[in-house]
Amino acid sequence: MKPPAEAVPQETFRTLLRSQKVWDIELPAFDPAHAPAAPLPLFHTWFAEAVASGQPEPHTMGLATVAEDGGPDVRTVMLHDADDHGWHFASHTSSRKGRQLAARPEAALHFYWAAQGRQIRVRGRVSAAPHAESLADLHARSTGALAAALVGHQSEVLGSTEELARSSAAAWERAQAEPDADSPTWTLYVLDPLEAEFFQGDERRRHVRLRYRREEADETWVKELLWP
């Protein structure tokens, strides 16, 4: 067994931390005057540009929910789609975030694409898709995604890594043998945005922040600039 790594001394950590550079690259320009009337087309454009720039895993995002004690809770999940219905992600209804969303169906998303000094924040209400739609989304993904869903028990206390290995091996075997296997608690969630902010970093710290805010009375979007 590999011995545990030695702890890094506090001063060494601070030196490492303060020596890190931010956006040591040429950043793209962003003129908010030419931004579209709604956030979704701009998100699609920025996502395509993030992929073209070589940004690793641009489809991963932070998902913040409201915890049982009323405080914040956050984790990294994968974006499944972004369309006229909203931003899509998935999890088990029995997981911690699933329980939190059931109790308070609202959340915030955060994307950070360092390759272009960009971040996007989206917040709104969350709804659960019908089970048939959730399964269709799951079956359109990889065998590994299905196997992970079939393991289940997300967020529960794990007795040992050996137990996980056994469950995972059985789930992989089933996913390969039954590509249409059901996972009863696996659910596709859709965040219907009320607000979306697009942040473009600037090397002189004159960052551009464009916020879209939805007027619920007539479902129109208001665009406004924010101080960095």
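Scroll up to find the structure this text is about.
Everything numeric in this text was worked out from a predicted model, so none of it was measured.

For the rest of this paragraph, the subject is the nonpolar core. Counting residues in each nonpolar core, the largest one holds 28 residues, and the members touching the most others are F43, W87 and F111. Elements supplying a minimum of two residues to this core: α2 (39-52), β1 (60-66), β4 (86-92), β5 (106-113), β6 (118-128), β7 (186-200) and β8 (208-215). Here the element with the most residues in this core is α2; it accounts for 5 residues. In this structure, F111 is in contact with F43, P58, T60, M61, L79, W87, R118, Q119 and I120, ignoring residues within four places of it in sequence.

Before going further, it helps to spend a moment on the pattern of salt bridges. Evaluated as defined, the whole model comprises 17 salt bridges. For the salt bridge of E178 with R174, the shortest nitrogen-to-oxygen distance reads 3.6 Å. In this structure, E215 and R213 form a salt bridge, with 3.3 Å as the shortest nitrogen-oxygen distance. With a relative accessible area of 32%, E215 lands in the partly exposed category. Among the charged side chains, a network of salt bridges with common partners joins R211, R213, E215 and E224.

Turning next to the environment of W46. Inspection of the secondary structure puts W46 in helix α2. Sequence spacing of W46 and L63 is 17 residues, and the spatial spacing of their C-alpha atoms is 19 Å. Excluding anything up to four places from it in sequence, W46 contacts F30, W113, R118, Q119, I120, F198, F199 and Q200.

Cut-offs used in this document
- Residues numbered from 1 in each chain as written.
- Predicted model: local features only at pLDDT ≥ 70, side-chain atom pairs only at ≥ 80, totals over all residues.
- Heavy atoms only, no water.
- Core = buried A, V, L, I, M, F, W, Y, C linked by side-chain atoms within 4.5 Å.
- Buried < 20%, exposed > 50% of the residue type's maximum accessible area, 1.4 Å probe, protein only.
- Helix = DSSP H or I, 4+ residues; strand = E, 2+ residues; numbered from the N terminus.
- Contact = heavy atoms within 4.5 Å.
- Salt bridge = Lys/Arg side-chain N within 4 Å of Asp/Glu carboxyl O.

It is worth stressing that arrangement in space is one thing and function is another; only the former is reported here.
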